[in-house]
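Structural overview for review
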Amino acid sequence: MTRRLDATESGIATAASILRAGGLVAFGTETVYGLGADASQPQAVARIFEAKNRPRFNPLISHFAHAQAAFQQVVPNALAHRLAQAFWPGPLTLILPRAPGCCISDLAADGLSTLAVRVPANAVARALLEQVDRPIAAPSANRSGRISPVDATHVLEELDGRIDAVLDSGPCTVGLESTVVDLSDPQRPCLLRPGGITLEELQAICPHISLPQTTSDAAPHSPGRLISHYAPHLPVRLDALQAQPDEALLAFGAPRPTNAPLVWNLSPTGSLEEAAARLFTGLRTLDHKGQAMGLTRIAVQPIPHHGLGRAIQDRLNRAAAPRPQDGTGDTAP
Ligand code: TXA
Ligand code: MG
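Remember, predicted model here, so these are calculated numbers, not experimental data. (Residues numbered from 1 in each chain as written. Chains lettered and ligands numbered in written order. Predicted model: local features only at pLDDT ≥ 70, side-chain atom pairs only at ≥ 80, totals over all residues. Heavy atoms only, no water.)

**A closer look at the environment of Leu262**
Basically, it comes down to this: Comment: elements are numbered from the N terminus, with helices defined as DSSP H or I runs of at least four residues and strands as E runs of at least two. Any residue under 20% of the maximum accessible area for its type is buried, any over 50% is exposed, and the rest in between are partly exposed; the area is computed with a 1.4 Å probe on protein chains only. Only heavy atoms matter for contacts: two residues are in contact if any of them lie within 4.5 Å across the pair.
Along the chain, Leu262 turns up in strand S13 (residues 262-265). Accessibility expressed as a relative area gives 12% for Leu262, which makes it buried. Expressed as a C-alpha distance, the spacing of Leu262 and Leu24, which sit 238 residues apart in the sequence, is 36 Å. Dropping the residues within four chain positions of it, Leu262 is found in contact with Glu247, Ala248, Leu249, Leu286, Lys289, Gly290, Met293 and Leu295.

Laid out in structure tokens, this is it:
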């Protein structure tokens, strides 16, 4: 049985002691729920891969309460300091060389010489991290290849019985994973994953940041960035102007007449922030209800390509990508 802990002082204290003892606790951040384990204990980290049913290892992000704690485990450069100042705490992950004496287990870092670090903004997450006082490795708290959870109920749908507890801090406000920036070569900063901090926001501080040309280009640099991910059970059809009668519709913008028997509008007012926050719940809802209604696909209306639209489109492209035949979801973190 997985315990559901309230975001009270005693709930946070219980979560912290489970983590220190090498257990698994899912906790809310502003982006998505993470599946946390003490990053310095290899056995605890191994349990993450087991719980997610992930057949291969993959480097995980280490989470910290403060930039100072994060920068003890890596070698920060001037750009890292500027980005941390601008966006931490918040939905930005930095890839930097591991510091000599770094305490993160090789398993959490997948044996790489670099490490992904992040300081989340969610107050409950920060209180937890502060109490544990150790780096916490946390991938999104979903089964491998599936839709990321943005509330505690989603986590239990995915992982009930497989993890020790979920610390319920309510729905995630951003709703998309953090933006991942590789700063391991300070001359060539590179965006590995679009996310909660937009490209435009990054460019204000780092005008020369480079973008992978295609998602498959990103894969070698960021091992978890393989194509199929965020996959609902129903197939996904992108850039649909209109839905067929056997399709659920993921809509964006002012409602238009439709044949679709089931609709989830990401944002009737066309707000990309609202759309990001409602994306994963929308995919999950259309998938569950659509299957129950005998629908055969999820059709997705076009999303603008600027700001958070880039990260939303990235997740939708992955949801629509061809899937492995065996259904194990051996595709993504
Ligand atoms: O918002 C988030 O980032 C959430 C919350 C829980 O913090 N976490 C999350 O973790 O999305 P995960 O494991 O689902 O995604 C981590 C991404 C993967 O694409 C992984 O390949 C990449 O970060 N990554 C981790 N370490 C890396 C490294 N040393 N070099 C390159 N990419 C790395
Ligand atoms: Mg993930």
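**Here we look at the packing of helix H1 (residues 9-20) against helix H6 (residues 123-132)**
Two measures define how a pair of helices packs: the angle their axes make with one another and the distance between the axes. The criterion, for reference: Here, axes are lines fitted to C-alpha atoms. For helices the fit covers the stretch in contact, and angles between N-to-C directions go from 0 to 180 degrees. An angle below 35 degrees is read as roughly parallel, one above 145 as roughly antiparallel, one from 65 to 115 as roughly perpendicular, and any other as oblique. We call a crossing left-handed when the near helix sits turned anticlockwise from the far one by less than a right angle, and right-handed when that turn is clockwise. For this classification, Asp, Glu, Lys and Arg are treated as charged, while Ala, Val, Leu, Ile, Met, Phe, Trp, Tyr, Cys and Pro are nonpolar and the rest, including Gly, are polar.
One way to put it is that H1 packs onto H6 with a least axis distance of 9 Å and a crossing angle of 50°. In terms of their interaxial angle, H1 and H6 are classed as oblique. Considering only the axes of H1 and H6, their crossing is right-handed. For the pair H1 and H6, the contacting residues are Ile12, Ala13, Ala15, Ala16, Leu19 and Arg20 in the first and Val124, Ala127, Leu128, Gln131 and Val132 in the second. Here the contact of H1 with H6 is composed, by residue class, of nine nonpolar, one polar and one charged.

**Observations regarding the nonpolar core**
The criterion, for reference: In this text, buried Ala, Val, Leu, Ile, Met, Phe, Trp, Tyr and Cys residues form a nonpolar core when linked through side-chain atoms within 4.5 Å.
Core analysis: the biggest nonpolar cluster contains 79 residues, and Leu94 and Leu250 have the highest contact counts within it. In terms of residue count, the dominant contributor to this core is helix H10 (residues 272-292) (seven residues). Contact partners of Leu250, with chain neighbours within four places excluded, come to Trp264, Leu266, Leu279, Gly282, Leu283, Leu286, Ile298, Ala299, Val300, Gln301 and Leu316. Counting 18 residues, the second largest nonpolar core, distinct from the first, contains Ala16, Ile18, Leu129 and Val132.

**Considering the packing of aromatic side chains**
Selection criterion: Put simply, two rings from Phe, Tyr or Trp (the six-membered ring, in Trp's case) pair if the centres are within 6.5 Å, and we call them stacked under 30 degrees between planes, edge-to-face over 60, tilted for the rest.
The tally for this structure, following the rule as stated, stands at one aromatic pair. Aromatic side chains Phe71 and Trp88 sit 5.4 Å apart centroid to centroid with 40° between the ring planes, which places their arrangement in the tilted category. Highlighted residues: Phe71 in helix H3 (residues 67-73) and Trp88 in the loop between helix H4 (78-87) and strand S5 (92-97), separated in sequence by 17 residues. Residue Trp88 is classed as buried on the basis of its relative accessible area of 9%.

**Looking at the sheet that holds strand S9 (residues 179-182)**
What counts is decided by this rule: Note on pairing: two strands pair once DSSP finds at least 2 bridges between them.
Reading across from one edge, S1-S8-S2-S3-S7-S4-S6-S5-S9-S10 is the order of the ten strands in this open sheet, with mixed pairing throughout. Two strands in the sheet have a free side with no partner beyond their single neighbour: strand S1 (3-6) and strand S10 (190-193). Across three bridges, the pairing between strand S2 (residues 25-28) and strand S8 (residues 165-168) is parallel. Note that in S8 the partner of Phe27 across the bridge is Leu167.

**Here's the deal with H10**
One turn of the α-helix equals 3.6 residues, which is why residues spaced by three or four share an orientation. To keep it simple, the criterion reads: Given a helix with a known number of residues, its expected span is that number minus one, times 1.5 Å. One axis is fitted to the seven residues ending at the residue and one to the seven starting there. The bend at that residue is the angle between these axes. In the analysis that follows, any N or O atom pair within 3.5 Å is treated as a polar contact, provided that within protein one partner can donate a hydrogen and the other can accept it, and provided that, for residues neighboring in sequence, both atoms belong to side chains.
Compared with the 30 Å implied by 1.5 Å per residue over 21 residues, the 29 Å span of H10 between its first and last C-alpha is a close match. The axis of H10 is deflected most strongly, by about 45°, at Arg278. Among the residues of H10, those classed as buried are Leu272, Ala275, Ala276, Leu279, Phe280, Gly282, Leu283, Arg284, Leu286, Asp287 and Gly290. Contact partners of the buried residues in H10: helix H7 (152-159), strand S12 (247-251), S13, strand S14 (297-300) and helix H11 (309-320). Of the residues that open H10, the one with a side-chain oxygen 3.4 Å from the backbone nitrogen of Glu273 is Ser271. A positive backbone phi angle near 80° is found at Gly294, which sits one or two residues after H10.

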